[in-house]
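# A closer look at the structure
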Amino acid sequence: MILDIVTYPDPRLQQKCEPVAEISDEIRRLAADMLETMYAAPGVGLAAPQVGRNMRLLVMDPAAQDAEKRPRVLINPELTLSGEDLLSEQEGCLSVPLNYRADVLRKSRVLLRARDLDGKLIEEELTGFPAIVIQHEADHLDGILFIDRISRLRRTMYDSKVKKWLRRKKVA
Ligand code: ZN
């Protein structure tokens, strides 16, 4: 089932999410729906708060453009960042309206610890584009959007665009 995606400035995107206590059928169903929603959008990652669920769960497939899909479900992910600064060019987000994009500084290496849907511990190092995607998605679980990581000036300009757009939407 394709889920509705919550968009900025919805306050649900600014909350720190709660850990997943148990991998229930409900969680498995939600993860499947999130993957379907992500591929339909299309996007390369989706975090639970983006579909209005306050839980530390995300799905991603940084190889979505390839023919072969590699869907991943990550539960209670913990990231340890290292390496150099890595420029994420023209980053965007399914929850950030007006197809807004901006460059964001990320880290080049991520040590990821998480559980998969079977409760199995995942421990791996990510670099390159997958490292960028996991940093973006894990930020969502802490209530952080990529527009929280751009300059104050750019953010102010973007916020005024969104305000105008929301006013027009209300009138229409
Ligand atoms: Zn996002």
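Presented here is an overview of the structure given in this document. (Residues numbered from 1 in each chain as written. Predicted model: local features only at pLDDT ≥ 70, side-chain atom pairs only at ≥ 80, totals over all residues. Heavy atoms only, no water.)

## Some remarks on unusual backbone geometry
Omega for the peptide link from Tyr8 to Pro9 comes to 10 degrees, which places this bond in the cis form. By secondary structure assignment, the location of Pro9 is in the segment before α1 (25-40). A cis amide bond links Ala41 to the next residue, Pro42, at an omega of -10 degrees. Here Pro42 is to be found in the loop between α1 and β1 (45-47). The residue Gln90 is not glycine, and still its phi comes out positive at about 50 degrees. Mapped onto the fold, Gln90 is located in strand β3 (residues 72-91). On the basis of relative accessible area, Gln90 is assigned to the partly exposed category, the value being 44%. (Helix = DSSP H or I, 4+ residues; strand = E, 2+ residues; numbered from the N terminus. Buried < 20%, exposed > 50% of the residue type's maximum accessible area, 1.4 Å probe, protein only.)

## A short note on the side chain of Arg56
Along the polypeptide, Arg56 turns up in the loop between β1 and β2 (57-60). Separated by 3.2 Å, the side chain of Arg56 and the backbone oxygen of Cys17 make a polar contact. At 3.1 Å, the side chain of Arg56 and the backbone oxygen of Leu141 are in polar contact. (Polar contact = N/O pair within 3.5 Å; in protein donor to acceptor, adjacent residues only side chain to side chain.)

## Re helix α2 (residues 128-141)
Taking 1.5 Å per residue as the helical rise, α2 with its 14 residues ought to reach 20 Å, and the 21 Å between its terminal C-alpha atoms agrees with that figure. Across the 14 residues that make up α2, a large majority, 11, are buried. Burial in α2 covers these residues: Ala131, Ile132, Val133, Ile134, Gln135, His136, Glu137, Ala138, Asp139, His140 and Leu141. Buried residues belonging to α2 abut β1, β2, β3, β4 (102-115) and β5 (121-127). (Expected span 1.5 Å × (residues − 1). Contact = heavy atoms within 4.5 Å.)

## Describing the coordination of the zinc ion
Only Cys93 (SG), His136 (NE2) and His140 (NE2) from the protein reach the zinc ion as donors, at distances of 2.1 to 2.2 Å. Read in sequence order, the donor residues coordinating the zinc ion give the pattern C-x42-H-x3-H. You can see His136 and its partner His140 sitting in helix α2, four residues apart, about one turn around the helix. His140 matches His136 in its accessibility class, with the two residues each being buried. (Donors = N, O, S within 2.8 Å, 3.2 Å for Na, K, Ca; no water.)

## Remarks on the nonpolar core
Among the nonpolar cores identified, the biggest contains 16 residues, and Leu30, Met34, Met55, Leu57, Val59 and Val73 are the most heavily contacted of them. Among the secondary structure elements, those contributing two or more residues to this core are α1, β2 and β3. Per-element accounting of this core gives the leading share, six residues, to α1. Look past the residues within four positions of Met34 in its chain and what remains in contact with it is Leu3, Leu46, Ala47, Ala48, Val51, Leu57, Leu58 and Val59. (Core = buried A, V, L, I, M, F, W, Y, C linked by side-chain atoms within 4.5 Å.)

## What to know about the environment of Leu30
Within the secondary structure layout, Leu30 lies in helix α1. The class for Leu30 is buried, based on a relative accessible area of 7%. Separated by 41 residues in sequence, Leu30 and Pro71 have C-alpha atoms that sit 14 Å apart. Discounting residues that sit within four places of it in the chain, Leu30 has contacts with Leu3, Val51, Arg53, Met55 and Leu57.

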